[in-house]
Amino acid sequence: MRVLYFAWLRQKIGLAEEEVVLPESVRDVASLIDFLAARSPGHAEAFANRAVVRCAVNQDFAGPDAPVRAGDEVAFFPPVTGG
Amino acid sequence: MARVRVQEAPFDVAAELAALTAGRTDVGGIGLFVGTVRDSAGGRTVAAMTLEHYPGMTERALAAIVAEAQARWPLIGCTVIHRVGRLTPGEGIVLVATASAHRQAALDATAFLIDWLKTRAPFWKHEEFADGGGQWVAARDEDDAAAARWVR
């Protein structure tokens, strides 16, 4: 799975994107965050407050219950502030 | 006809309005919103603002927002341009323009487009302050409230 990070999540994690191999326990966005948060202290810090983290699966906004699978492109970012 | 662009270069408002209505004589009103970089935030002087986005999703999100506007109002033309990269105070960030036979559709569609863009398109602003340091702009509840009035 390709995972992308934007804005302060990218800065805290220190990566704009990474390839991850999913364990069986990852079935949805919430369990993906559980898995990613354990990868490094930076990941843990980025996902410390999930209320301020938004997600997109295959470039569509997705909530914590949205399913994810190996070939997906999943992005994590703060609430958007364009315009 | 809709034109959607994400670009680093500045935009020319007059040229975009001319292009919006080129060759059309059935336009009765044009709605226009231009967002610009403000020189202050929370009492601090802003030296520059950097716009980051999610290439690919940005274009999809903007196309969906424009399609929704076209479904709701009888638009003759619609232009959405959003800049990315480092911008300084006074520069244009975003341009939304719509043309319709009558003013209300153009004004309402323009307000809808900028309200939805602010809450549904994946852009993020980072401010650099004149006294050093910087911060990511936080999402505002007022923006969610402005977008919510268009939900149906």
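Procedures and definitions
- Residues numbered from 1 in each chain as written.
- Chains lettered and ligands numbered in written order.
- Predicted model: local features only at pLDDT ≥ 70, side-chain atom pairs only at ≥ 80, totals over all residues.
- Heavy atoms only, no water.
- Contact = heavy atoms within 4.5 Å.
- Buried area = accessible area lost by both parts, 1.4 Å probe.
- Salt bridge = Lys/Arg side-chain N within 4 Å of Asp/Glu carboxyl O.
- Axes fitted to C-alpha atoms, helices over the stretch in contact; angles between N-to-C directions.
- Helix = DSSP H or I, 4+ residues; strand = E, 2+ residues; numbered from the N terminus.
- Parallel < 35°, antiparallel > 145°, perpendicular 65-115°, else oblique.
- Left-handed = near helix turned anticlockwise from the far one by under 90°.
- Nonpolar A, V, L, I, M, F, W, Y, C, P; charged D, E, K, R; others polar.
- Pairing = 2+ DSSP bridges.
- Polar contact = N/O pair within 3.5 Å; in protein donor to acceptor, adjacent residues only side chain to side chain.

Participant: I'd love a proper account of the interface of chain A and chain B, names of residues and values included.
Facilitator: Taken together, the contact pairs 20 residues of chain A with 24 residues of chain B. Both sides of the chain A and chain B interface together cover about 1,800 Å² of buried area, and 59% of this is carbon and sulfur. Area buried by chain A at its contact with chain B is led by A:Gln59, A:Thr81 and A:Gly83, which between them contribute 39% of it. The interface formed by chain A and chain B holds two salt bridges in total. B:Glu52 is the partner of A:Arg10 in a salt bridge, and the nearest nitrogen-oxygen pair spans 2.5 Å.

Participant: Now, about the packing of helix α2 (residues 57-72) of chain B against helix α3 (residues 103-120) of chain B: what can you tell me, with residues and values included?
Facilitator: Residues and elements named next belong to chain B. At a minimum axis distance of 10 Å, the contact between α2 and α3 shows a crossing angle of 150°. As the angle between them shows, α2 and α3 are arranged roughly antiparallel. For the crossing formed where α2 meets α3, the hand is right-handed. Here Ala61, Leu62, Ile65, Val66, Glu68, Ala69 and Arg72 of α2 come into contact with α3, specifically with Phe112, Leu113, Trp116, Leu117 and Arg120. Here the residues of the contact of α2 with α3 sort into nine nonpolar, no polar and three charged.

Participant: So, the sheet that holds strand β1 (residues 2-5) of chain A: which residues are in play, and what are the values?
Facilitator: Residues and elements named next belong to chain A. A sheet is described by the order of its strands in space; here five strands give the open sequence β2-β1-β5-β3-β4, paired in mixed fashion. A single partner strand is all that each edge strand has here, and the edge strands are β2 (17-19) and β4 (60-61). By the bridge criterion, four bridges tie strand β3 (residues 54-57) to strand β5 (residues 73-77) in an arrangement that is antiparallel. Bridge pairing in β5 places Cys55 opposite Phe76.

Participant: Tell me what's going on with the side chain of B:Lys118, and back it up with residues and numbers.
Facilitator: Mapping B:Lys118 onto the fold places it in helix α3. Of the polar contacts made by the side chain of B:Lys118, one reaches the backbone oxygen of A:Gly82; its length is 3.5 Å. In contact with B:Lys118, other than residues within four places in its own chain, are A:Val80, A:Gly82, A:Gly83, B:Lys125 and B:Asp143.

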